[in-house]
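# Chain and residue survey
Below are the chains, spelled out letter by letter.
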Amino acid sequence: MSEINEWINWIEEAISKNHIKHYEYKEFKNIQEIGTDDFGKVYRANWKNSNQYFALKSLLNINDVAIKELVHEVITKYIYILRNYC
């Protein structure tokens, strides 16, 4: 359980340092399920009044494997953005 807390702390710290943007669920509209995997469901939605789509992920079971996968996904996407857009 303490390893899960370490990953959760990593995510919360990344959000507090503005490395990861945090959005409130209530700020999204037109939420549609687009897939599922071993860890949860994936949705697409518009943010506020924009036409821009975001992917939302809902974890079904928050366990060590799911948290590690989420952190890995965030890091992978961040590195991809840095390599391709900076």
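What comes next is a walk through the structure. (Residues numbered from 1 in each chain as written. Predicted model: local features only at pLDDT ≥ 70, side-chain atom pairs only at ≥ 80, totals over all residues. Heavy atoms only, no water.)

## Points about unusual backbone geometry
Keep in mind that most residues, glycine aside, have a negative phi and that most peptide bonds are trans. One non-glycine residue, Asn-30, adopts positive backbone phi at about 55 degrees. Among the structural elements, Asn-30 can be located in strand 1 (residues 28–36). Take Asn-30: its relative accessible area is 46%, and that puts it in the partly exposed class. One non-glycine residue with positive phi stands out, namely Lys-48, at about 50 degrees. Structurally, Lys-48 is set in the loop between strand 2 (40–47) and strand 3 (53–59). (Helix = DSSP H or I, 4+ residues; strand = E, 2+ residues; numbered from the N terminus. Buried < 20%, exposed > 50% of the residue type's maximum accessible area, 1.4 Å probe, protein only.)

## Some thoughts on the environment of Thr-36
Among the secondary structure elements, Thr-36 is positioned in strand 1. As for Thr-36 and Leu-59, which are separated by 23 residues in sequence, their C-alpha atoms are 9.9 Å apart.

## Notes on the pattern of salt bridges
With the rule as written, the count across this model stands at 2 salt bridges. The partner of Lys-17 in a salt bridge is Glu-13, with the nearest N and O atoms 2.8 Å apart. The class for Glu-13 is partly exposed, based on a relative accessible area of 42%. Among the ionic pairs, Glu-33 bridges to Lys-41, the shortest N-O distance being 3.9 Å. Residue classification places Glu-33 among the partly exposed residues on the basis of a relative accessible area of 45%. The exposure class of Lys-41 is partly exposed, given its relative accessible area of 30%. (Salt bridge = Lys/Arg side-chain N within 4 Å of Asp/Glu carboxyl O.)

## Some remarks on the sheet that holds strand 1
Within a sheet, neighbouring strands are paired by backbone hydrogen bonds and run either parallel or antiparallel to one another. In spatial order, the strands read 1-2-3; together these 3 strands make up an open sheet with antiparallel pairing. A single partner strand is all that each edge strand has here, and the edge strands are strand 1 and strand 3. Averaged over all adjacent pairs, the angle separating strand axes in this sheet is 30 degrees, with direction ignored. Here strand 2 runs beside strand 3; their pairing, made up of 7 bridges, is antiparallel. Note on strand 3: the bridge partner recorded for Val-42 is Lys-57. (Pairing = 2+ DSSP bridges. Axes fitted to C-alpha atoms, helices over the stretch in contact; angles between N-to-C directions.)

## A word on the pairing of strand 1
Taken residue by residue, a regular strand's side chains alternate between the two faces of the sheet. Taken together, the 6 bridges between strand 1 and strand 2 define a ladder with antiparallel strand orientation. Each bridged residue has a counterpart across the sheet, and for Lys-29 the counterpart in strand 2 is Asn-46. Here strand 1 hands over to strand 2 after 3 residues, the two strands then running antiparallel side by side.

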